[in-house]
Structures are given as structure tokens and as C-alpha cells.
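In case you want the letters, here they are:
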Amino acid sequence: MTEKITISVIKADVGSYPGHVRVHPELLSKAEGKLKKAKKDGLLLDSFVTHCGDDLELIMTHRRGVDAPEIHELAWKTFEDCTAIARKMKLYGAGQDILSEAFSGNVKGLGPGVAEIEFMERASDPIVIFMADKTEPGAWNPPLYKIFADPYNTAGLIIDPGLHDGFIFEVHDVIQERKIEFNTPEDIYDLLAYIGQPGRYVIKSIRRKDGLIAAVASTQRLSLIAGKYVGKDDPICIIRAQHGLPAVGEVLEPFASPHIVAGWMRGSHHGPLMPVSMKQAHPTRFDGPPRVIALGFQIAGGKLIGPVDLFDDPAFELARKKALEIADIMRAQGPFEPHRLSAEEMEYTTLPKVEEKLEKRWKKGI
Ligand code: F6R
Ligand code: MG
Ligand code: MG
């Protein structure tokens, strides 16, 4: 036990309807009940259950720290119980992200996505939790770079002495399973050399140079865990804001000009990441376009004060319109790159199976 507060956001796709569109309300209320009981039992301080598309998202606060087995077990059991309901209702992809029968203390590597952040609560601690569907963890690379390293986005990098010294980015290479740190602003060219390839290099966390943790993202890649295509690893990101950190408005600003991410239909296409409200968080057209929601909370003694549905605002209307225009342009490319992902990325989809069948028809020499 510690004085520090931990926010754990653990998510899984354990079945949706119709197809991969959205989580059923019965699963949401089952999960809410499980987490409320855990609060009563003293394990959690607070919780909030939501969904982004077909992903069931458990937001939990507690004092057990990052990677606490009892918190991971609670999430795992919640996903198991929800899977049972999903199976009964014959929801689509029931139990999809529960890749193992055996839980052994931590959900990492077993299918669910995880982002956890532990810190001493400040006098007032605003946080924003981003949750996306039909894309992958590297989708956070461009907005995280803008928020914490780009003065065109974050005025505070210039104006506020608390931000002026810059930040430390921890980047994971999810293919070779190694990590590296970059200091900004000094290393921005080196940082961009890697994070410009978001399918492989993923920003895991960002600290202020005095050590204060500012942001944490999920980095699991399901395809790499399972060794076969099992859907995209729809990601989560937790960002602390204000008072020597980027303001809430600076945290949201990158989403005003939608960027193009990998995912969408069959996890095999590039498309715009569209910022939407909770009530619009169910991908439809071509199983998309990929969506992101942003929930804002204040943390008070571990209590989650909120959420505010931050993209439920006319200020993001134009971004949604732009995203739809980009969606039209990308869709017009049909089965061709760059709408379809690069050959390297397609290795993690079901395409190699098709190519295997055709292998014998190829003749040597041209
Ligand atoms: C994308 C996604 C969907 C499915 C697609 C095909 O992450 O989950 O686009 O890939 O609907 O699904 P299956 O193969 O289950 O019919
Ligand atoms: Mg699904
Ligand atoms: Mg999903």
C-alpha cells in the first residue's frame, strides 16, 4: 500500500453487436456491478465503465500500484464474466481478447490492453483518458508528440516555465521488444526518426524532466502476442494536465486536425482518426472510420470526478467533417496502397493465408 494513487485502464473486446460495432449494455452493467463490488470490498477507490466501439473499457483507481495482481485479476474476471454473457447472447467475437485460459497475475500478454499511471495527487489533478477503436497503439504517436514537444500545439512549452525544460519520451520497439528514451526538445529529430513508424515504435510514457509522470499509453500488439490476426489493439492513453503540464485544451488540440492511422476495416487500412462523443463511439462505415473518445476527470483522493465527454463539443465538428472527407478520399483508393497497409504491416493480417494458396501458381523467371 502506498500514499500514491494509481489509475488503471484495462480494456478488452469480449464480444460486440452487430459484428464489431459496439459493446452490449448488458456487458457494461455486468462490468459496472463487478467494479462497484470491488469498491465496496475496499480494493478499488473508484471506477467508471465505458466502451469505445467493440472495446469494453474499465477505468479503475486504487492504491495498489502499477501491475498489481489483484487489480489485473479483477479485470480478467470481469472480462471472463462478460464473455460468458456475450457467448449466451451469441455476440460477435465473444471472448476475442481473452487469449489464454490461464491467468497468472497480470493481463499483459494475454490479450487485454493496459495503461496504468501512478502518482502523488497534486492539489488538483485533471486527467484526460483517450480510448480509440479500430486502430493501434502507434496512433497516439502524432498527438503525443504535438502535445509534449510541439510549440505550435502547446503554447505552454514557450510560455510556462513548468513546461519550458521539456519532457522525456520512453519509446518501445514492439517488434524487437526493446526500449529507448529521448529528451525533448534536444532530441526531437532523433525521436521523430523512430516514432514516424508508428506500427513499430510506440510512445509508452512521457515524464517531465523533474521526474513527474505526465502520460502513459498502452503498447500491446495483439497480433504479435497471438502470432496470428486477432484484431487490432485498440489503444488507451492517460494524460495528466494543467499547472506545469499541458492544459486540457492543449491536450485536445491535436485532434482538431485528424491524422491518418492504421486499422479500420480488417485492421488492414489507413484512415482518419475521428474524434467523437461517447454516444458516437460505434464505428459503422467500412467498420469505421477509426474513432477516439476523450473523457476528462478530476482526481480527488482517488475519486473520479467526472467524466466530461470532451469531444462532445461543436469545436470538434469541423474535425469530424474533415475526417469524413479524408475517409472518402482513402476509400476511393479501394484495395490499393496506401489505403491498404504496407506489405510489412499486412503480414499480421489474414492476407498471407491467401498468398499461401497462390504460391504454386507463380512461375520462376520474368
Ligand atoms: C477491425 C475489425 C473488423 C473485422 C472485420 C472482419 O479491427 O475488427 O473490421 O476485422 O469486420 O471480421 P471477421 O473476420 O470476424 O468477419
Ligand atoms: Mg470486435
Ligand atoms: Mg475494437
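It should be emphasised that the depicted structure is a prediction, and the values quoted were computed from it without experimental measurement.

*Asks:* Can you walk me through the pairing of strand E14 (residues 291–300) in this structure?
*Replies:* Looking along a regular strand, one sees side chains alternate from face to face of the sheet. E14 sits mainly inside the fold: eight of its ten residues count as buried. Sheet topology note: the strand E13 (residues 274–275)/E14 ladder contains two bridges and is parallel. Bridge assignment links Met-274 to a residue of E14, and that residue is Arg-291. Relative to strand E15 (residues 303–309), E14 is paired through five bridges, and the arrangement is antiparallel. Bridged to Gly-296 within E15 is Val-308. What sits between E14 and E15 in their antiparallel hairpin is a turn of two residues, with Gly-301 showing a positive phi close to 60°.

*Asks:* Is there a simple way to think about the domain arrangement of the protein chain in this case?
*Replies:* A common measure of how large an interface is: the accessible area buried when the components associate. As assigned here, the protein chain comprises domain 1 (1–120) and domain 2 (122–355). Measuring from the centre of the C-alpha atoms in domain 1 to the corresponding centre in domain 2 gives 21 Å. Contacts between the two partners involve 37 residues from domain 1 and, on the opposite side, 39 residues from domain 2. Summed over both partners, the interface of domain 1 with domain 2 comes to about 2900 Å²; 68% of that surface belongs to carbon and sulfur atoms. The largest per-residue losses of area from domain 1 upon contact with domain 2 belong to Cys-52, Ile-117 and Phe-119, which jointly make up 18% of the total buried on that side. Summed over the shared surface of domain 1 and domain 2, the result is one salt bridge. Among the secondary structure elements, those contributing two or more residues to the side of domain 1 that touches domain 2 are strand E1 (5–12), strand E2 (46–52), strand E3 (55–62) and strand E4 (113–119). In terms of residue count, the dominant contributor to the side of domain 1 that touches domain 2 is E4 (seven residues). Within the side of domain 1 that touches domain 2, the residues separate by chemical class into 15 nonpolar, ten polar and twelve charged.

*Asks:* Can you walk me through the site of ligand 1 in this structure?
*Replies:* Neighbouring residues of ligand 1: ten residues in total, closest His-20, Tyr-92, Trp-264, Arg-266 and Asp-287. Contact distances for ligand 1 include 2.8 Å between an oxygen atom and a side-chain N or O atom of Tyr-92. Within the side chain of Asp-287, a nitrogen or oxygen atom sits 2.6 Å from an oxygen atom of ligand 1. About the coverage of ligand 1: the protein hides 73% of its 410 Å² of free accessible area. Tallied by class, the residues present in the shell around ligand 1 amount to four nonpolar, two polar and four charged.

*Asks:* Explanation requested: the coordination of the magnesium ion (ligand 3) in the structure shown.
*Replies:* Each pair of donors in an ideal octahedron of six around a metal sits at 90 or 180 degrees, and each pair in an ideal tetrahedron of four sits at 109.5 degrees. Within the protein, Asp-54 (OD), Asp-55 (OD), Asp-133 (OD) and Asp-234 (OD) serve as the donor atoms for the magnesium ion (ligand 3), at 2.0 to 2.3 Å. Along the chain, the residues donating to the magnesium ion (ligand 3) are arranged with the sequence spacing D-D-x77-D-x100-D. Separating the magnesium ion (ligand 3) from the magnesium ion (ligand 2) is a gap of 5.0 Å, bridged by Asp-54, which donates to each. Of this pair, Asp-54 sits in the loop between E2 and E3 while Asp-234 is found in the loop between helix H7 (222–226) and strand E10 (236–240), placing the two residues 180 residues apart along the sequence. An identical accessibility class is assigned to Asp-54 and Asp-234; each is buried.

*Asks:* Quick question: what am I supposed to make of unusual backbone geometry here?
*Replies:* The omega angle of the peptide bond from Thr-184 to Pro-185 is 10°, so this bond is cis rather than trans. Here the bond from Gly-306 into Pro-307 is cis, since omega is 10°, no more than 30 degrees from zero. As for its placement among the helices and strands, Pro-307 is situated in strand E15. Positive phi, close to 50°, is recorded for Glu-177, a residue that is not glycine. You can see Glu-177 is positioned in the loop between strand E6 (167–173) and strand E7 (178–184).

*Asks:* Just to check I follow, could you spell out the coordination of the magnesium ion (ligand 2) for this structure?
*Replies:* Looking at the magnesium ion (ligand 2), the protein donor atoms are Asp-13 (OD), His-20 (ND1) and Asp-54 (OD), and they sit 2.0 to 2.3 Å from it. For the magnesium ion (ligand 2), the single-chain donor residues occur in sequence as D-x6-H-x33-D.

*Asks:* I tried to follow the sheet that holds E1 on my own but got confused; where do I start?
*Replies:* Through backbone hydrogen bonds, the strands of a sheet pair up, either in parallel or in antiparallel fashion. Pairing in this open sheet of four strands is antiparallel, and the strands run E2-E3-E1-E4 from one edge to the other. Each edge of the open sheet carries a strand with a single partner, namely E2 and E4. Each strand axis lies, on average, 10° off the axis of its neighbour in the sheet, ignoring direction. Where E2 meets E3, seven bridges bridge the pair, whose relative direction is antiparallel. By the bridge assignment, Val-49 is partnered in E3 with Leu-58. Against the sheet, helix H1 (residues 25–40) makes contact with E2 and E3, and its axis sits at roughly 165° relative to E2, the strand it touches most.

*Asks:* Would you mind going over the side chain of His-72 with me for this structure?
*Replies:* Counting through the fold element by element, His-72 comes out in helix H2 (residues 69–88). With near-sequence residues (within four places) excluded, His-72 lies in contact with Ile-10, Asp-67, Phe-103, Gly-105, Asn-106, Val-107, Lys-108, Val-114 and Glu-116.

*Asks:* Please explain the pairing of E4 as it appears in this structure.
*Replies:* Extensive coverage of E4 is indicated by the burial of six of its seven residues. Bridging between E1 and E4 involves seven bridges; their strand directions are antiparallel. Following the sheet pairing, Thr-6 is matched in E4 by Glu-118.

Rules used throughout
- Residues numbered from 1 in each chain as written.
- Chains lettered and ligands numbered in written order.
- Predicted model: local features only at pLDDT ≥ 70, side-chain atom pairs only at ≥ 80, totals over all residues.
- Heavy atoms only, no water.
- Buried < 20%, exposed > 50% of the residue type's maximum accessible area, 1.4 Å probe, protein only.
- Helix = DSSP H or I, 4+ residues; strand = E, 2+ residues; numbered from the N terminus.
- Pairing = 2+ DSSP bridges.
- Domains from an automatic or database assignment.
- Contact = heavy atoms within 4.5 Å.
- Buried area = accessible area lost by both parts, 1.4 Å probe.
- Salt bridge = Lys/Arg side-chain N within 4 Å of Asp/Glu carboxyl O.
- Nonpolar A, V, L, I, M, F, W, Y, C, P; charged D, E, K, R; others polar.
- Near = heavy atom within 4 Å.
- Polar contact = N/O pair within 3.5 Å; in protein donor to acceptor, adjacent residues only side chain to side chain.
- Areas by Shrake-Rupley, 256 points an atom, 1.4 Å probe, with all protein chains shown as cover.
- Donors = N, O, S within 2.8 Å, 3.2 Å for Na, K, Ca; no water.
- Axes fitted to C-alpha atoms, helices over the stretch in contact; angles between N-to-C directions.

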